[in-house]
Amino acid sequence: QYAAAAVGARAFAALRGGAAAKALVAGAAATTLLCTRKYDARTVKRGRPPSLAAALLFGGLNGSFETLWYLASYDLGARLLLPAGSGTALRFGAGFLTHSIFAAVIHAAFWLPLGFPDHVDPEAPKFTSDMLPWLIAASLSWFAIYEATGDGATVAALHMMLNVIGSRSMNLQPPWAEAEGAQQDGGDAKRE
């Protein structure tokens, strides 16, 4: 209910809002861009050719739909698990906690083992000390926008930006690339 409204009537409310809302968006955009730089430094392409189509397709679709799940997981903690009238800080903390649990599970259970090709540089520093703080900072900035303005569309746009740049960092391939490779080499690409 809340997440759906955030991309409806309240879409891009943060960009139409006052100076404080615009400052939240500017800070979130800067944090997200810094996060993409850190991500880019941790990834390797493993000989995959670049695919702008895959980056735009994945970035747009995942940035849209996963953001709805993120907002719903946030709302679960912020609005549904707490009594009405709970303070903003408590609501934000509870929402961020339920979001963090959801995001950790979906990435550990699906995206890393099944959704993405091998892309982490084996020489990269440990994830928990090198990348995780940046992801937390980006997520906190996104949910600050959402909590302050109810605007989920701006959060989705920031998520799309992160995904497009991240997809380009690893040269994510489109779903049809494996089928094309299998047809061209008689199926050897699947066996490798």
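See the structure printed just above.
The model shown is predicted, which means the values in this text are computed figures rather than measured ones. (Residues numbered from 1 in each chain as written. Predicted model: local features only at pLDDT ≥ 70, side-chain atom pairs only at ≥ 80, totals over all residues. Heavy atoms only, no water.)

## A closer look at the overall build of the protein chain
Phase 1 of the analysis: Helix and strand counts for the protein chain stand at ten helices and zero strands.
Phase 2 of the analysis: Expressed as a percentage of the 192 residues in the protein chain, the buried residues total 40%.
Phase 3 of the analysis: Working note: accessible area of the protein chain is about 10300 Å², and carbon and sulfur atoms make up 67% of it. (Helix = DSSP H or I, 4+ residues; strand = E, 2+ residues; numbered from the N terminus. Buried < 20%, exposed > 50% of the residue type's maximum accessible area, 1.4 Å probe, protein only. Areas by Shrake-Rupley, 256 points an atom, 1.4 Å probe, with all protein chains shown as cover.)

## Side note on helix α3 (residues 19-42)
Phase 1 of the analysis: With 24 residues, α3 should cover 34 Å at 1.5 Å per step; its first-to-last C-alpha distance of 35 Å lies within 8% of that length.
Phase 2 of the analysis: Along α3, the residues classified as buried are Ala21, Val25, Ala28, Thr31, Thr32, Cys35, Thr36, Tyr39 and Arg42.
Phase 3 of the analysis: The inward-facing, buried residues of α3 contact α2 (13-16), α6 (127-130), α7 (132-149) and α8 (152-170). (Expected span 1.5 Å × (residues − 1). Contact = heavy atoms within 4.5 Å.)

## Some words on the packing of aromatic side chains
Phase 1 of the analysis: All chains considered together, the criterion is met by eleven aromatic pairs.
Phase 2 of the analysis: An angle of 25° between the planes, with centres 5.2 Å apart, marks the rings of Trp111 and Phe116 as stacked.
Phase 3 of the analysis: Overall, Phe116 belongs to the buried group, its relative accessible area being 18%.
Phase 4 of the analysis: By the ring-pair criterion, three or more aromatic residues cluster together here, those being Tyr74, Phe92, Phe96, Phe143 and Tyr146. (Phe/Tyr/Trp six-rings, centres within 6.5 Å; stacked < 30°, edge-to-face > 60°.)

## A few points about the environment of Thr149
Phase 1 of the analysis: As for its placement among the helices and strands, Thr149 is situated in helix α7.
Phase 2 of the analysis: Each C-alpha atom, one on Thr149 and one on Ala13, is 6.4 Å from the other, the two residues being 136 residues apart in sequence.
Phase 3 of the analysis: Residues contacting Thr149, with those up to four places away along its chain left out, are Arg10, Ala13, Ala14 and Ala21.
Phase 4 of the analysis: Among the polar contacts made by the side chain of Thr149, one reaches the main-chain carbonyl oxygen of Ile145 at a distance of 2.7 Å.
Phase 5 of the analysis: There is a polar contact of 3.2 Å between the side chain of Thr149 and the backbone nitrogen of Asp151. (Polar contact = N/O pair within 3.5 Å; in protein donor to acceptor, adjacent residues only side chain to side chain.)

## Description of the nonpolar core
Phase 1 of the analysis: Counting residues in hydrophobic clusters, the biggest one holds 25 residues, and the most contacted among them are Phe116, Trp142, Phe143, Ile145, Tyr146 and Val155.
Phase 2 of the analysis: Residue assignment for this core shows that the elements contributing at least two residues are α3, α4 (52-80), α5 (88-115), α7 and α8. (Core = buried A, V, L, I, M, F, W, Y, C linked by side-chain atoms within 4.5 Å.)

## Quick word on the pattern of salt bridges
Phase 1 of the analysis: Applying the stated criterion across every chain, the model contains six salt bridges.
Phase 2 of the analysis: Here Asp130 makes a salt bridge to Arg42, at a shortest N to O gap of 2.8 Å. Pair noted here: Asp130 is in helix α6 and Arg42 is in helix α3, with a separation of 88 residues, a long-range link. The same class applies to Asp130 and to Arg42, which are both buried.
Phase 3 of the analysis: Note that Glu147 is salt-bridged to Arg91, the shortest N-O span being 2.7 Å. Linking Glu147 in helix α7 with Arg91 in helix α5, this pair joins segments that are 56 residues apart in sequence.
Phase 4 of the analysis: Under the relative-accessibility criterion, Glu147 is labelled buried at 13%. (Salt bridge = Lys/Arg side-chain N within 4 Å of Asp/Glu carboxyl O.)

## Remarks on the packing of α5 against α7
Phase 1 of the analysis: Running from amino to carboxyl end, α5 crosses α7 at an angle of 130°, the nearest separation of the two axes being 11 Å. By the criterion of interaxial angle, the relationship of α5 to α7 is oblique. In this structure, α5 crosses over α7, and the sense of that crossing is right-handed. Residue-level contacts link Thr88, Arg91, Phe92, Phe96 and His99 of α5 to Ile136, Ser139, Leu140, Phe143, Ala144 and Glu147 of α7. (Axes fitted to C-alpha atoms, helices over the stretch in contact; angles between N-to-C directions. Parallel < 35°, antiparallel > 145°, perpendicular 65-115°, else oblique. Left-handed = near helix turned anticlockwise from the far one by under 90°.)

## Some words on the side chain of Asp151
Phase 1 of the analysis: Within the secondary structure layout, Asp151 lies in the loop between α7 and α8.
Phase 2 of the analysis: One buried charged side chain, Asp151, makes no salt bridge at all; its nearest oppositely charged neighbour is Arg16, positioned 6.6 Å away.
Phase 3 of the analysis: Within the structure, Asp151 has its side chain in polar contact with the side chain of Thr154 (distance 2.5 Å). (Lys, Arg positive; Asp, Glu negative; His and termini not counted.)

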